[in-house]
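Report on the structure
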Amino acid sequence: MKTDREFLRNPQRAQALAEVLRKTAPQRPVRIVHVCGTHEITISAHGLRHMLPEGVSVLEGPGCPVCVTSTVDLDQAVQLATGGVAVCTFGDMMRVPGTELTLDQARSRGAPVHTVLSATDAVELARRDPGRDVVFFAVGFETTAPGTAAVLLEDPPKNFSVLCSHKLIPPAVEHLLDLPGTELDGLLAPGHVSTVIGANAYSRLATRHQVPVVVGGFEPLDVLYALVLLLRQLRDDQAKVENAYPRAVTWEGNKQAQDLLRRAFRVYGASWRGIGEIPASGLAVRPELSQWDAALKYDIKGDRGQEVAPGCRCAEVLVARAVPADCPLFGVSCTPLSPVGPCMVGAEGACAVWYRHGERPVV
Amino acid sequence: MGRLLAERVLPKFSLRSAGTVDLDALDDGATLTLPEGEAVVTTDAHVVKPLYFPGGDIGRLAACGTVNDLVVMGAKPVACTLAMVLEAGFSIDVLEDLLLSCARILEMTGTALVAGDTKVMGAGELDGVVLTTTGIGVARKVIRDSGIHPGDELLVTGPIGDHGMALVAAREEFHLQSDLMSDVAPLWPLLAEVLEQTNVTAMKDPTRGGLAAALNEMARKSGVGIEIDGPSIPLRPQVRALADLLGLDPLQSACEGRAVLAVAPADAEKALALLRSQPAGREAAVIGRATEHRPGQVVLNTEVGGRRLLDMPLGDPLPRIC
């Protein structure tokens with residue numbers, strides 16, 4: 001692993017790739033979109049935008065599962081917790097605003113909210129304390145969903161259930177491409193999600209929308225190499241799927257994980273914060289596992305609250321029509337400590353990454 | 001409590017006098033006879049979870065925290081006070097052990113414990129123990145965090161982020177195994193000679209918020225820009241690996257035994273050599289320099305040749321989901 005790391009951050013190779021990018025870039029503005037918070041962190045933390053040729057921009061689309069979790073789902077989790085049910089979720093969900101409260105605020109008022117690193121941790125909590133109801137508030141894309149599926153299929157304890165807010169990446173990208181006025185020259189496809197769904201999952205998208213797609217990894221050289229392949233396709237007027245992350249991603253993906261997803265979940269039209277409903281983009285617990293479906297087990301409702309505050313441009317950032325610095329609130333009234341929009345809340349949201357990693361023009 | 005103090009607490013501290021009225025007098029206060037220079041005072045309340053962490057404990061942390069705050073002001077530590085607030089039922093054996101750990105550091109740095117206090121609160125009213133220390137030192141030349149001039153070189157005394165990452169790694173819920181230890185250690189006598197022989201223009205200990213916070217504060221207060229060369233920042237492989245794994249920035253991770261120094265350009269090489277000549281400073285490094293451009297901002301040149309702002313960290317970092 002040490003060798004990998006050194007290899008994939010080698011400054012000479014990085015400069016060489018930057019040079020290839022400069023030579024390959026077409027003589028027109030190019031907009032590449034990625035949909036992964038970890039890609040954004042690699043790009044920002046390593047200052048890669050500084051190495052791109054002029055006219056080539058890379059933007060984050062709906063790549064942060066925390067940011068796109070709707071207020072309805074969040075209100076339900078808060079409602080469960082304030083009602084005394086132990087709600088377990090990932091650390092970065094804690095500060096996402098609901099209509100009235102965040103989970104963090106609910107916890108500070110005494111509600112039993114726990115941060116966990118996996119669904120398994122939540123099941124263990126339920127096993128240790130059989131007299132207590134435990135709900136796993138499940139968020140994330142195809143990366144975290146198999147973990148939730150696995151516990152659902154392993155006959156978890158009766159006092160355990162799942163509030164399911166898992167979402168799927170390819171339908172979100174298709175939706176983005178279908179939106180009128182979307183300008184997108186290429187997709188840097190997410191490495192983590194693709195380990196599960198496989199590079200083939202983007203074939204239809206590439207063909208239907210005539211958009212180059214390259215699956216990329218997360219080291220700086222992974223990203224630069226994927227961008228080289230994308231610019232080459234653009235130069236040669238191609239629109240195909242390429243895999244620039246073969247050490248982790250196969251064309252078919254992880255069949256076992258896909259099987260878990262099929263057996264535990266059904267697909268439905270989910271609501272994405274700032275974007276609205278996207279057909280066939282969400283995962284819900286299958287009817288045969290309904291005893292572990294918190295949405296059915298408890299009488300919880302949520303009204304669609306205000307999802308994006310006035311003046312906030314998150315809705316545009318989420319569909320890659322604006323970058324965080326375009327928003328007048330960015331870094332002024334909207335910071336990670338007092339976020340206004342969803343993209344500033346989740347640690348992988350474009351605005352939060354830009355803010356934390358100083359991704360602003362260095363003059 | 002009086003007997004406990006006399007029998008089990010006081011003897012732990014070998015240095016108990018820095019004036020005519022000392023700790024053993026158990027008077028209402030102690031007196032200090034200070035050497036020439038400007039007196040520097042600092043105070044801190046220490047809480048840490050767990051009380052024992054890889055490489056240290058709250059006793060050591062309290063002593064180092066106080067001593068180091070004095071040292072980065074340019075002061076030689078002279079004396080310190082210690083107030084303990086204990087949760088009812090807190091083990092006296094554990095307390096003894098923690099105090100011994102505190103005493104060792106005070107002895108090592110020539111700091112006398114001259115006054116103290118103990119209070120007990122009910123079970124559940126606090127988490128184990130809170131240690132509050134006030135330190136007094138004397139500086140021949142006071143070093144601020146605002147004195148950097150353009151052209152000054154920036155140095156660190158050793159690898160960055162060990163303390164914060166060691167604590168994260170020790171948190172039970174992550175199920176991690178790591179041999180990483182906290183860097184909690186006193187900066188005295190490490191910095192004694194450097195302060196004596198070179199022109200240190202500014203200094204800070206990168207505790208909360210890590211190197212990123214320290215550099216930003218120094219840049220803002222000094223009205224200079226700081227340009228950092230990423231690859232020259234010493235980082236342990238374990239710190240890099242944990243940071244990658246948990247999605248944390250090692251440059252925002254706390255240190256408890258390191259200092260960031262700005263040194264006049266002519267003296268930078270000498271300061272580095274003086275630091276490196278001591279075991280605690282063997283991994284010291286020059287990490288960047290101050291500029292006239294972009295006053296108040298810190299720019300990081302990354303290892304792959306990219307460039308970005310190194311911003312002031314916000315709040316407590318939370319591990320990411322994937």
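It should be noted that the structure appears before, not after, this text.
Residues numbered from 1 in each chain as written. Chains lettered and ligands numbered in written order. Predicted model: local features only at pLDDT ≥ 70, side-chain atom pairs only at ≥ 80, totals over all residues. Heavy atoms only, no water.

Focus on the packing of helix 2 (residues 11–24) of chain A against helix 11 (residues 220–235) of chain A
Residues and elements named next belong to chain A. It is the contact of helix 2 with helix 11, at a shortest axis distance of 9 Å, that shows an interaxial angle of 15°. If you check the angle between helix 2 and helix 11, you find them roughly parallel. Considering only the axes of helix 2 and helix 11, their crossing is left-handed. When helix 2 is examined against helix 11, the residues Arg13, Ala14, Leu17, Val20, Leu21 and Thr24 are found in contact with a partner set consisting of Leu221, Leu224, Tyr225, Leu227, Val228, Leu231, Arg232 and Arg235. Grouping the amino acids of the contact of helix 2 with helix 11 by side-chain chemistry returns 10 nonpolar, one polar and three charged. (Axes fitted to C-alpha atoms, helices over the stretch in contact; angles between N-to-C directions. Helix = DSSP H or I, 4+ residues; strand = E, 2+ residues; numbered from the N terminus. Parallel < 35°, antiparallel > 145°, perpendicular 65-115°, else oblique. Left-handed = near helix turned anticlockwise from the far one by under 90°. Contact = heavy atoms within 4.5 Å. Nonpolar A, V, L, I, M, F, W, Y, C, P; charged D, E, K, R; others polar.)

Notes on helix 4 (residues 71–82) of chain A
Helical geometry note: an α-helix holds 3.6 residues per turn, so side chains three or four residues apart project in the same direction. Residues and elements named next belong to chain A. Compared with an ideal rise of 1.5 Å per residue, which puts 12 residues at 16 Å, helix 4 spans 16 Å between its outermost C-alpha atoms and is within 8% of the ideal. The buried fraction of helix 4 amounts to 10 of the 12 residues, a majority that puts the element mostly inside the structure. Burial in helix 4 covers these residues: Thr71, Val72, Asp73, Leu74, Asp75, Gln76, Ala77, Val78, Leu80 and Ala81. Those residues of helix 4 that are buried are in contact with strand 3 (86–89), helix 5 (103–108), strand 4 (113–115), strand 5 (134–140) and strand 6 (160–166). Of the residues one or two after helix 4, glycine 84 is the one with positive phi, at around 100°. (Expected span 1.5 Å × (residues − 1). Buried < 20%, exposed > 50% of the residue type's maximum accessible area, 1.4 Å probe, protein only.)

Here's the deal with the sheet that holds strand 6 of chain A
Residue and element names in this part refer to chain A. One open sheet holds the four strands; their spatial order is 4-3-5-6, and the pairing between them is parallel. Looking at strand neighbours, the two that pair on one side only are strand 4 and strand 6, the edges of this open sheet. Neighbouring strand axes in the sheet, compared pairwise and without regard to direction, differ in orientation by 25° on average. Against the sheet, helix 6 (residues 119–128) touches strand 3, strand 4, strand 5 and strand 6, its axis set at about 175° to strand 5. Along the sheet, helix 7 (residues 145–152) makes contact with strand 5 and strand 6, crossing strand 6 at roughly 155°. (Pairing = 2+ DSSP bridges.)

Remarks on the packing of aromatic side chains
Residue and element names in this part refer to chain A. In this structure the tally under the stated criterion is four aromatic pairs over all chains. Ring geometry for phenylalanine 141 versus tryptophan 272: centroids 6.0 Å apart, planes at 25°, classification stacked. Taken together, the residues span a long stretch of sequence, with phenylalanine 141 in the loop between strand 5 and helix 7 and tryptophan 272 in strand 10 (residues 265–272) at a distance of 131 residues. Across the pair, tryptophan 272 and phenylalanine 141 agree in class, each one buried. Measuring from ring centre to ring centre gives 5.9 Å for phenylalanine 218 and tyrosine 245, while their planes differ by 85°; the resulting arrangement is edge-to-face. Taken together, the residues span a long stretch of sequence, with phenylalanine 218 in the loop between strand 8 (213–216) and helix 11 and tyrosine 245 in the loop between strand 9 (241–243) and helix 12 (255–264) at a distance of 27 residues. (Phe/Tyr/Trp six-rings, centres within 6.5 Å; stacked < 30°, edge-to-face > 60°.)

Quick look at the interface of chain A and chain B
Every contact between the two is made by 39 residues of chain A and, on the other side, 25 residues of chain B. Between chain A and chain B, roughly 2,900 Å² of surface is buried when both sides are summed, and carbon and sulfur atoms account for 57% of that area. Joining chain A to chain B, the criterion identifies two salt bridges. Between B:Glu303 and A:Arg9 there is a salt bridge; the shortest N-O distance is 3.4 Å. On inspection of chain A and its partner chain B, the count reaches four residue pairs in polar contact (both at pLDDT 80 or more). Those elements that place two or more of their residues in the side of chain A that touches chain B are helix 2, helix 3 (37–45), strand 5 and helix 16 (350–356) of chain A. For the side of chain A that touches chain B, the per-class residue count stands at 18 nonpolar, 13 polar and eight charged. (Buried area = accessible area lost by both parts, 1.4 Å probe. Salt bridge = Lys/Arg side-chain N within 4 Å of Asp/Glu carboxyl O. Polar contact = N/O pair within 3.5 Å; in protein donor to acceptor, adjacent residues only side chain to side chain.)

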